[in-house]
Amino acid sequence: MATSSPSNPRRVVVLGTGGTISGRAANSGDNIGYTAGEVGVADLLGGIEAPAGVTLAAEQVAQVDSKDMSFAIWRALALRCAHWLAQPDVAGVVITHGTDTLEETAFFLQSVLAPRKPIVLTCAMRPASALSPDGPQNVRDAIAVAATPDAQGVTAVCAGTVLGAFDVQKVHTYRLDAFDAGDAGPVGYVEEGEVRRVRDWPASEAGAAFGRLPEDEAAWPRVEIVMSHAGASDAVIRALRADDAAISPLRGLVLATTGNGTLHHALEAAALEAQEAGIAVLRATRCTQGRILAKPGDKLRDAGTLTPVKARIALTLALI
Ligand code: SIN
């Protein structure tokens, strides 16, 4: 539980980026036919009581359906998080976000900031206009985590569960409890405004990398994801390498592999050719749990526990 006194004011800053949590439908019974990113973050805080001794502030950083998340928004978000966390009276930052790419933003922010204070992403599966929206409780829980004195690193809070940035994954298309942390399990739970932690917070590290992020979206290294599947071929990799109309040349490839890092032989041959030609290639498993266990003689690097979308971010950042 957050503790504070008037001489030790604690602020939690809530940054809005859009998503279903700020979505609106034409009628309250409609939980899927809504437009994401319509309600401002200040309005999302209406009616939410802050924990004792904590004050809230709101800032709109973006207003998008998170399927359209971009490097430009990620950079802006990283800069705003760094700005607010540097203020001595700020205990932590909450980010309201769409569920669809929440795990990517969480991974990105933990990778580039690894903050000593908490950044807590939260979301909703039902729009703000729903008869019984889940957003307000999720925001309240996220604020409780952000105000927890020993909290650190980037986490996500949904349906009362706190998940680490490297582990969190959307696993359900409709249920309110749509996220999971795989083998790692949750960091903890929020129960009636109290955080019950069962694992360490995500690690904080000195030397955050956000200062090096390119301002121009086109300057970010282009890394594409190609999936291996029954009947796969070399066609996608060849097309990507030949794509002269692309805004920037292909710099990296993440291969969404079957099982323990295996690839269709035709895709593997094209990937090895790409690697020979200087394109960075990384294998990440399609399986939602487990990791790739490296084998002697592997010719293509693997991303361990990272999912393909997170491996793409890791490779992009490594190429910057
Ligand atoms: C989005 O990701 O912005 C839309 C879907 C959602 O938030 O559940």
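Before reading on, note that the structure itself is shown above.
Residues numbered from 1 in each chain as written. Predicted model: local features only at pLDDT ≥ 70, side-chain atom pairs only at ≥ 80, totals over all residues. Heavy atoms only, no water.

1. Quick look at the overall build of the protein chain
Then, in step 1: Secondary structure assignment for the protein chain yields seven helices and 16 strands.
Then, in step 2: Compactness check: the protein chain gives a C-alpha radius of gyration of 20 Å against a globular reference of 20 Å for 320 residues, within 12% of the reference.
Then, in step 3: In terms of overall dimensions, the protein chain has a C-alpha envelope of 65 × 45 × 35 Å along the principal axes.
Then, in step 4: Taken over 320 residues, the protein chain has a buried fraction of 50%.
Then, in step 5: Long-range pairs, those at least 24 residues apart, make up 72% of the contacts in the protein chain with a sequence separation of at least 6.
Then, in step 6: As displayed, the protein chain offers around 14200 Å² of accessible surface, 51% of which is attributable to carbon and sulfur atoms.
Then, in step 7: Treating the 28 positive side-chain charges of the protein chain as one cloud and the 35 negative ones as another, the clouds have centres 4 Å apart. (Helix = DSSP H or I, 4+ residues; strand = E, 2+ residues; numbered from the N terminus. Rg over C-alpha atoms; globule rule 2.2 N^0.38 Å. Buried < 20%, exposed > 50% of the residue type's maximum accessible area, 1.4 Å probe, protein only. Contact = heavy atoms within 4.5 Å. Areas by Shrake-Rupley, 256 points an atom, 1.4 Å probe, with all protein chains shown as cover. Lys, Arg positive; Asp, Glu negative; His and termini not counted. Charge placed at Lys NZ, Arg CZ, Asp CG, Glu CD.)

2. A closer look at the nonpolar core
Then, in step 1: Leu-15, Val-93, Ile-95, Phe-108, Leu-109, Ile-119 and Phe-179 are the most contacted members of the largest nonpolar core, which has 51 residues in total.
Then, in step 2: Of all the elements, helix H2 (residues 71–85) adds the most residues to this core, at nine residues.
Then, in step 3: Each of two domains, domain 1 (11–197) and domain 2 (221–319), supplies a minimum of three residues to this core.
Then, in step 4: Discounting chain neighbours no more than four positions away, the residues touching Ile-95 are Leu-15, Thr-17, Leu-77, Cys-81, Leu-109, Ile-119, Val-120, Leu-121 and Thr-122.
Then, in step 5: In terms of nonpolar packing, the next biggest core, distinct from the first, is built from 26 residues, Val-39, Ala-124, Val-145 and Ala-146 among them. (Core = buried A, V, L, I, M, F, W, Y, C linked by side-chain atoms within 4.5 Å. Domains from an automatic or database assignment.)

3. Considerations on the environment of Gly-19
Then, in step 1: With respect to the element layout, Gly-19 can be found in the loop between strand E1 (10–18) and strand E2 (24–25).
Then, in step 2: In this structure Gly-19 comes out as buried when scored by relative accessible area, which is 1%.
Then, in step 3: Taking the C-alpha atoms as reference points, Gly-19 and Lys-67, separated by 48 residues in sequence, lie 8.8 Å from one another.
Then, in step 4: When residues no more than four places from it in sequence are discounted, the contact partners of Gly-19 are Ala-36, Gly-37, Val-64, His-97 and Gly-98.

4. So, the site of the ligand
Then, in step 1: Near the ligand, the surroundings consist of Gly-19, Thr-20, Tyr-34, Asp-65, Ser-66, Gly-98, Thr-99, Asp-100 and Ala-124.
Then, in step 2: Here an oxygen atom of the ligand sits 2.9 Å away from a polar atom, N or O, in the side chain of Thr-20.
Then, in step 3: Within the contact set of the ligand, an oxygen atom lies 3.2 Å away from a side-chain nitrogen or oxygen of Asp-65.
Then, in step 4: Bound to the protein, the ligand loses 95% of the 250 Å² it would expose on its own.
Then, in step 5: Here the residues of the shell around the ligand are counted per class, giving two nonpolar, five polar and two charged. (Near = heavy atom within 4 Å. Polar contact = N/O pair within 3.5 Å; in protein donor to acceptor, adjacent residues only side chain to side chain. Nonpolar A, V, L, I, M, F, W, Y, C, P; charged D, E, K, R; others polar.)

5. Let's talk about the side chain of Ser-66
Then, in step 1: By the secondary structure assignment, Ser-66 is in the loop between strand E4 (54–64) and H2.
Then, in step 2: A polar contact of 3.4 Å, which involves the side chain of Ser-66, links it to the backbone nitrogen of Asp-100.
Then, in step 3: Not counting chain neighbours up to four residues away, the residues in contact with Ser-66 comprise His-97, Gly-98, Thr-99, Asp-100 and Thr-101.

6. Looking at empty space enclosed by the protein
Then, in step 1: For the structure shown, the criterion picks out one cavity of 30 Å³ or more.
Then, in step 2: If you add up the space inside the largest cavity, you get close to 30 Å³.
Then, in step 3: Lining of the largest cavity is provided by Phe-71, Trp-74, Phe-108, Trp-220, Arg-312, Ile-313, Thr-316 and Leu-317.
Then, in step 4: Elements with a minimum of two residues in the lining of the largest cavity: H2 and helix H7 (308–319).
Then, in step 5: Among the elements that line the lining of the largest cavity, the one with the most residues is H7, at four residues.
Then, in step 6: Residues belonging to the lining of the largest cavity are distributed by class as follows: six nonpolar, one polar and one charged.
Then, in step 7: A domain-level breakdown of the lining of the largest cavity finds at least three residues from each of domain 1 (11–197) and domain 2 (221–319). (1 Å grid on protein atoms, 1.4 Å probe; cavity = no way out; pocket = protein on both sides within 12 Å on 5 of 7 lines; lining within 4 Å. Points joined across faces, edges and corners; volume = space filled by probe spheres on them.)

Keep in mind that these numbers describe shape and distance, not what the molecule does.
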